[in-house]
Amino acid sequence: IVFVDVAHPDERERMLAQGLPEPPEESYPAEWVIELAFATGLTRLILGDSYWELESSHYMNQLTNGLYYKGWRAALEEGSLAPDMRVEVGQIQSFGDIPLVVITGVMPGRFAWIGEMENVVESTSNELQEELLDLSTDSKWVLANESEHFVQITEPDLIVSEIEALLRRVES
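Quick caveat, the model's predicted, so the values are computed rather than measured.

About the thresholds
- Residue numbers restart at each chain and count upward from 1, following the sequence in its written direction.
- Where totals are concerned, whole chains, interfaces and linings use all residues; where local detail is concerned, this predicted model gives features only for residues with pLDDT of at least 70, and gives and counts side-chain atom pairs only at 80 or more.
- Computation of side-chain values: all heavy atoms of the structure, hydrogens and water removed.
- Strands are runs of DSSP state E lasting at least two residues, helices are runs of H or I lasting at least four, and both sets are numbered from the N terminus onward.
- Exposure is judged per residue with a 1.4 Å probe applied to protein chains only, and the accessible area is read against the type maximum: over 50% gives exposed, under 20% gives buried, and values in between give partly exposed.
- In this description, contact between two residues means that some pair of their heavy atoms is separated by no more than 4.5 Å.
- Pairing between two strands requires that DSSP report at least two bridges joining them.
- The axes used here are C-alpha line fits, helices contributing only the stretch in contact, and every angle between their N-to-C directions lies in the interval 0 to 180 degrees.
- For this analysis, a salt bridge means a side-chain nitrogen from Lys or Arg found within 4 Å of a carboxyl oxygen belonging to Asp or Glu.

Some words on the overall build of the protein chain
Move 1: Check the secondary structure of the protein chain and you find 7 helices and 3 strands.
Move 2: Reading the secondary structure of the protein chain in the N-to-C direction produces β-α-α-α-α-β-α-β-α-α.
Move 3: Expressed as a percentage of the 172 residues in the protein chain, the buried residues total 27%.
Move 4: Residue pairs at least 24 apart in sequence account for 71% of intrachain contacts in the protein chain once pairs closer than 6 positions are excluded.

What about the sheet that holds strand E3 (residues 139-144)?
Move 1: Read from one edge to the other, the open sheet built from 3 strands follows the order E1-E2-E3, with strand pairing classed as parallel. Edge strands, defined here as strands with exactly one partner in the open sheet, are strand E1 (2-4) and E3. Across this sheet, the average inter-strand angle for adjacent strands is 15°, counted without regard to direction.
Move 2: Here strand E2 (residues 100-105) runs beside E3; their pairing, made up of 6 bridges, is parallel. Bridge pairing in E3 places glycine 105 opposite alanine 144.
Move 3: Across the sheet, helix H5 (residues 118-131) lies against E2 and E3, angled at about 165° from E2, the strand it touches most.
Move 4: Each of E1, E2 and E3 touches helix H7 (residues 156-171); the most contacted strand, E2, lies at about 170° to it.

As for the pattern of salt bridges
Move 1: As enumerated under the stated definition, the model contains 3 salt bridges in all.
Move 2: When the shortest N-O distance is used, the salt bridge between arginine 14 and glutamate 131 registers 2.7 Å. One end of the pair, arginine 14, is in helix H1 (residues 11-17); the other, glutamate 131, is in helix H5, and 117 residues separate them in sequence.
Move 3: Its relative accessible area of 26% is what places arginine 14 among the partly exposed residues.
Move 4: Judged by its relative accessible area of 30%, glutamate 131 is partly exposed.
Move 5: Linking arginine 169 and aspartate 138 is a salt bridge whose minimum nitrogen-to-oxygen distance equals 2.8 Å. Here aspartate 138 lies in the loop between H5 and E3 and arginine 169 lies in helix H7, a separation of 31 residues in the sequence.

Have a look at this one:
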């Protein structure tokens, strides 16, 4: 099993306990409106940078502005399913001795968009990622130093390398 910068099932509750504010309830326009906005480029004009607290050249703005038009449906679906997924995943207590690799993006500033709570969120996030190792008696934590959340985009070779190493271990 390979986790790539996954959310821990207790992440939301732990972040709230650390003082992070409750995220607002979100509502979205009809899909055809979103589709039209992306197809015509209106989203970039209206929204500008996804993370307005950061410079336009910041990694997160470059990445999200370049990819959101391709994955907005999946992002909305993931957001709507998150509460149910947290409950379902939270019921898993152990993978036994099935090998587990947890890959975590740890690039400095990965939580800069959060503002004054950046350090608290970063340390809590790292604690939660490390706790995932307890799911298996055969686990390994890999730090992706050049990545924030999207390790599969910024360090795909690292992921491939870890999967290949895991397969070699399992096959021998």
